[in-house]
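# Analysis of the macromolecular model
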Amino acid sequence: MALRLARLLPRYEYSADEAFGVDGAPGDVVAQRRDAFARLGERLRAMAPKTIEAGEALRGAVSDVDFVNAYRVPFQFRTLVEQNVPLGTLADETDGPRIRDLDGNWSYDLGGSYGVNLFGSEFYKVSIDRAVARASSLGMVLGPYHPVIVDNVERLRAVAGLDEVSFHMSGTEAVMQAVRLARYHTGRRCVVRFAGAYHGWWDGVQAGPGNPRPARDVYTLAEMSEHTLQVLASRHDIACVLVNPIQAMHPNASPPGDGSLVAGIRGAQYDKGAYADWLARLRDVCTARGIVLIFDEIFLGFRLAKGGVQEYFGVPADLVTYGKSVGGGLPVGVVCGRHDLMRRFSETRAADICFARGTFNAHPYVMTAMNEFLRHIDDPATQATWRNIDTRWDERVDAINARFDTADLPIHFVNMTSVWATCFTVPGRYHWMYQFYLRAAGIQMGWIGTGRFIFSHDLTDSDVRSISDRLLSAAESMRDDGWFWKNPALTAKAIKRQILRESLSAARGRVSSGRSAHPAKA
Ligand SMILES: Cc1ncc(COP(=O)(O)O)c(C=O)c1O
């Protein structure tokens, strides 16, 4: 269904004349926004000319760059934004939680290197330096293992509470292997994943938009749903269920990118008890039906507890995938599991195997960097950072939310420990602009913008205070520039209807040179 819709949705854009008043704002507000947009663009350009120029050189040359630029804002505003408010994407130095662009501007890094940066950039610098020194006498040898692997395996087994380990080159590959093993050992064909959950870009776990191959053996079911438990309890073809626990913040919805902020409303909430209860019930039904329960901890894993998601929610899995930070700053994927599920051959049939190899698996430099990480999480000082983790981060969010309430700004933050989502409390067509104000205020975000801030755990209270000041001042500037002007008739539903009308009109060809000539007024 989502795939069909994605294929049908026409591309249309607002012209510079219409873009600032699509919510029905009066002329003075439209003019105010237009000026502010131009000023913000000039400010960003003046701040970071070299960074922007270097980024421009990558356009059309690095596919990721064009993709990220294209999906930074709702598609109707794409060209206008690309041409007028450029964001540089290059950096040449970090210092603790701050990152410097090529023009010498320091920002707080809330992009978190896709979640890899858990302990702070200084930790990974040291980890990689030490890893290189420790592996250098062996150098690049693949096949024979660096001896540090023995210690890594012991530590991973202890952390996961599982018997065996396999090493891979990325999180995506770890998930591929976990799913392959589940199919092999159950003799069943189908994989269950939950709506909106990301498990890497392999098409075997990505059903819907983004994957041109229809995945016929993947069921996308609703998370936290009785009906799902009934389906699992009644079907005979399900090999495994994949869980990505970050979805606890937004069950059944995709990661909250600013590009999808079409109506401005973004929901997020987090109830640890309710999610733990859901996982326990899922565990029970999987056990009863012989379905392999896979926790995909690649993103969240060690952020929550030393023992990861299993420890944090108190629910054991059959297979666990780790990645990102566990490589100590180098690329990695790991699968941990019970002996009976990890075995790649049959005890009784000689040619019956479950193949998995990868040239760079267990690369010596990755193994030594991983060892730095695994030793670090055993350090009592690190373990102290997990004590009361919910309380500490909840207090930080509460303090910031109180400041926003006092300032009467339509923004609040929801968190699952150190991963935050920015939510907007009223509908609006321009909430995605916040990412640009934040960049000007010295906050660096990941490519999905304000939907996910990933904080590193080296932040001090004074850093958090400084971040809070920036979040607030950026929102105040945005309000002062007219972007939060509210049309009382403009409900989220009305915005969606408006977009539907525009899409239908664009699909019927009532557009000039690819632009919608008729954005409806509310
Ligand atoms: C939960 C989860 N699984 C799998 C992956 C894929 O990992 P990688 O990007 O290392 O292939 C990611 C990446 O973001 C992830 O968050």
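The numbers attached to residues start from 1 for each chain and follow its sequence in the written order. Totals for whole chains, interfaces and linings use all residues, but because this is a predicted model, local features are given only for residues with pLDDT of at least 70 and pairs of side-chain atoms are given and counted only at 80 or more.

What follows covers the overall build of the protein chain. Within the protein chain, the regular secondary structure consists of 19 helices and 16 strands. For the radius of gyration, the atoms used are the C-alpha atoms, and the globule rule reads 2.2 Å times the number of residues raised to 0.38. Here the C-alpha atoms of the protein chain give a radius of gyration of 24 Å, agreeing with the 24 Å that 2.2 N^0.38 yields for 522 residues. Overall, the protein chain is about 75 × 50 × 45 Å in size when its C-alpha atoms are taken along their principal axes. Residue burial is a threshold on neighbouring C-beta atoms within 10 Å of the residue's own C-beta, all placed from the backbone, with 20 or more meaning buried, 12 or fewer meaning exposed, and counts in between meaning partly exposed. Within the protein chain, the proportion of its 522 residues that are buried is 45%. What counts as a contact is two residues whose backbone-derived C-beta atoms lie within 7 Å of each other. When contacts within the protein chain are restricted to residue pairs at least 6 apart in sequence, long-range pairs at least 24 apart make up 76% of them. Helix numbers and strand numbers start at the N terminus; a helix is a DSSP run of H or I with at least 4 residues, a strand a run of E with at least 2.

Attention now moves to the nonpolar core. The term nonpolar core refers to a set of buried Ala, Val, Leu, Ile, Met, Phe, Trp, Tyr and Cys residues connected through C-beta atoms within 7 Å. Counting residues in each nonpolar core, the largest one holds 127 residues, and the members touching the most others are Cys240, Val241, Ile294, Leu319 and Val334. Domain limits in this description derive from either an automatic procedure or a database domain assignment. Of the residues that make up this core, three or more belong to each of domain 1 (1-24 + 487-522) and domain 2 (121-386). Contacts of Val334, omitting those with residues within four sequence positions, involve Leu156, Val165, Phe167, His168, Ala174, Thr321, Tyr322, Gly323 and Val326.

With six of its six residues buried, strand E12 (residues 419-424) lies for the most part within the structure. Residue alternation in E12 divides its side chains into two sets, Val419, Ala421 and Cys423 and Trp420, Thr422 and Phe424, and both sets are buried. Linkage of strand E11 (residues 411-416) to E12, two consecutive antiparallel strands, is achieved through a turn of two residues, within which Thr417 is found at a positive phi near 45 degrees. Paired strands, in this sense, are two strands between which DSSP finds at least two bridges. Examined bridge by bridge, E12 and strand E14 (residues 453-454) share two bridges and lie antiparallel to one another.

Residues are classed as near a molecule or strand if the C-beta position derived from their backbone is within 6 Å of it. Around the ligand, the surrounding shell holds 13 residues, and the nearest of these are Ser170, Gly171, Thr172, Gly200 and Phe299. Under the scheme applied, nonpolar residues are Ala, Val, Leu, Ile, Met, Phe, Trp, Tyr, Cys and Pro; charged residues are Asp, Glu, Lys and Arg; polar residues are all the others, including Gly. When its residues are assigned to classes, the shell around the ligand shows five nonpolar, seven polar and one charged.

This paragraph deals with the packing of helix H16 (residues 389-406) against helix H18 (residues 461-480). Viewed as axis vectors pointing N to C, H16 and H18 meet at an angle of 30 degrees, and their least axial separation amounts to 10 Å. In terms of their interaxial angle, H16 and H18 are classed as roughly parallel. Here H16 and H18 pass one another in a crossing that is right-handed. Each of Arg396, Ala399, Ile400, Arg403 and Phe404 in H16 lies in contact with H18, whose residues at this interface are Val464, Ser468, Leu471, Leu472 and Ala475. Considered class by class, the residues forming the contact of H16 with H18 number seven nonpolar, one polar and two charged. Fitted lines through C-alpha atoms give the axes, limited to the stretch in contact for helices. The angle between two N-to-C directions lies from 0 to 180 degrees. Small angles under 35 degrees read as roughly parallel and large ones over 145 as roughly antiparallel, with 65 to 115 read as roughly perpendicular and the rest as oblique. We call a crossing left-handed when the near helix sits turned anticlockwise from the far one by less than a right angle, and right-handed when that turn is clockwise.

A separate point is the domain arrangement of the protein chain. Domains assigned within the protein chain are domain 1 (1-24 + 487-522) and domain 2 (121-386). A C-alpha centroid distance of 39 Å is found between domain 1 and domain 2. The partner domain 2 presents five residues to the seven residues of domain 1 that form the contact. Looking at the side of domain 1 that touches domain 2, the elements that each hand over two or more residues are helix H1 (2-8) and helix H19 (492-507). Considering each element in turn, the side of domain 1 that touches domain 2 owes the most residues, four residues, to H19.

Along an α-helix, a turn takes 3.6 residues, which lines up residues three or four apart on a common side. With 18 residues, H16 ought to run about 26 Å at 1.5 Å a step, and its terminal C-alpha atoms sit 26 Å apart, in line with that. After H16 finishes, the residue Asp408 shows a positive phi value of roughly 55 degrees. Here a helix's expected span is defined as the number of its residues, less one, multiplied by 1.5 Å.

On to the sheet that holds strand E2 (residues 98-101), then. Neighbouring strands of a sheet are bound in pairs by backbone hydrogen bonds; such pairs are parallel or else antiparallel. Read from one edge to the other, the open sheet built from four strands follows the order E1-E2-E3-E13, with strand pairing classed as mixed. Looking along the sheet, the strands with just one partner apiece sit at the ends: strand E1 (91-95) and strand E13 (443-444). Of the strand pairs in this sheet, strand E3 (residues 106-109) and E13 are connected by two bridges, and their pairing is parallel. Paired with Asp109 across the two strands is Gln444, which belongs to E13.

One can find Arg98 in strand E2. With 17 C-beta atoms counted inside 10 Å, the residue Arg98 sits in the partly exposed group. When the C-alpha positions of Arg98 and Asp17 are compared, they lie 38 Å apart, and in sequence the two are 81 residues distant. Setting aside its immediate chain neighbours within four residues, Arg98 contacts Trp106, Ser107, Tyr108 and Asp109.

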